[in-house]
Amino acid sequence: MTEVSFLLNGAPVSARGPAARRLLDILRDDHGLTGAKPGCEIGRCGACLVWLDDQPVNACLVMAWQLAGRRVRTIESVAADSASAPVREALAACGAVQCGYCSAGQVMALTWLHEHRPDCGPAEASALAAGNLCRCGTAPGIARAIDRLFGAPGSEPPPAR
Ligand code: FES
Ligand code: FES
């Protein structure tokens, strides 16, 4: 058993339990933050993406013992942040949402890229966001949103940041 303290969406929290307890379960079961979704649960789909010390990570692969003193941000915080507005608008405008199960992870990945790698271009953005899978039929819409955000030739200009 362990107890760790960390910052969750800017607020100090602590988690108790086995050291190998997953961050994904801590978020959903202890804090009711259900935006991060269990998908593959082996780090391959991005449905559970969060930011850990401002880096994107899959919450299904982060264990409780790794959280001490760290900063975690989830979609519940990022979606309320104006920094994610261009991404959310691009996904909606490009028809990139169907069931929505992958959407939180998509927003987390693309907002991180839009903030940290705004000039990377659509091909590199697509490659960097490739860890976020969609099981519905929205892959073409996600590709259009990436073009719009990262400025593919002939696409609409990127929304103002
Ligand atoms: S559920 Fe975590 S990467 Fe798929
Ligand atoms: S919209 Fe359904 S999994 Fe992506």
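Residues numbered from 1 in each chain as written. Chains lettered and ligands numbered in written order. Predicted model: local features only at pLDDT ≥ 70, side-chain atom pairs only at ≥ 80, totals over all residues.

### Brief notes about the domain arrangement of the chain
- For the chain, the assigned domains are domain 1 (2-76) and domain 2 (82-150).
- For domain 1 and domain 2, the distance between their C-alpha centres works out to 22 Å.
- Across the boundary between the two partners, domain 1 contributes twelve residues, which contact eleven residues of domain 2.
- When residues in the side of domain 1 that touches domain 2 are grouped by element, the largest group, three residues, is from strand β3 (residues 49-52).
- Here the residues of the side of domain 1 that touches domain 2 sort into nine nonpolar, two polar and one charged. (Domains from an automatic or database assignment. Contact = placed C-beta atoms within 7 Å. Helix = DSSP H or I, 4+ residues; strand = E, 2+ residues; numbered from the N terminus. Nonpolar A, V, L, I, M, F, W, Y, C, P; charged D, E, K, R; others polar.)

### Some words on the sheet that holds strand β4 (residues 55-58)
- Spatially, five strands are ordered β2-β1-β5-β3-β4 in an open sheet, and the strand pairing comes out mixed. Edge positions in the sheet fall to β2 (11-17) and β4, since each has one partner strand and no second. Across the sheet, the mean angle separating the axes of adjacent strands is 40° when strand polarity is ignored.
- Both β3 and β4 contribute to a ladder of four bridges, which runs antiparallel. From the neighbouring strand, tryptophan 51 faces β4, where its bridge partner is proline 56. (Pairing = 2+ DSSP bridges. Axes fitted to C-alpha atoms, helices over the stretch in contact; angles between N-to-C directions.)

### A word on the environment of arginine 88
- Mapped onto the fold, arginine 88 is located in helix α3 (residues 85-93).
- Considering only alpha carbons, one finds arginine 88 and asparagine 58, 30 residues apart in sequence, at a separation of 20 Å.

### Let's talk about the pairing of β2
- Here strand β1 (residues 2-8) runs beside β2; their pairing, made up of seven bridges, is antiparallel. Counted as the bridge partner of threonine 2 is glycine 17 from β2.
- In textbook terms, the turn of a hairpin is the stretch between consecutive antiparallel strands, and for β1 and β2 this stretch comprises two residues, one of which, asparagine 9, has a positive phi near 50°.

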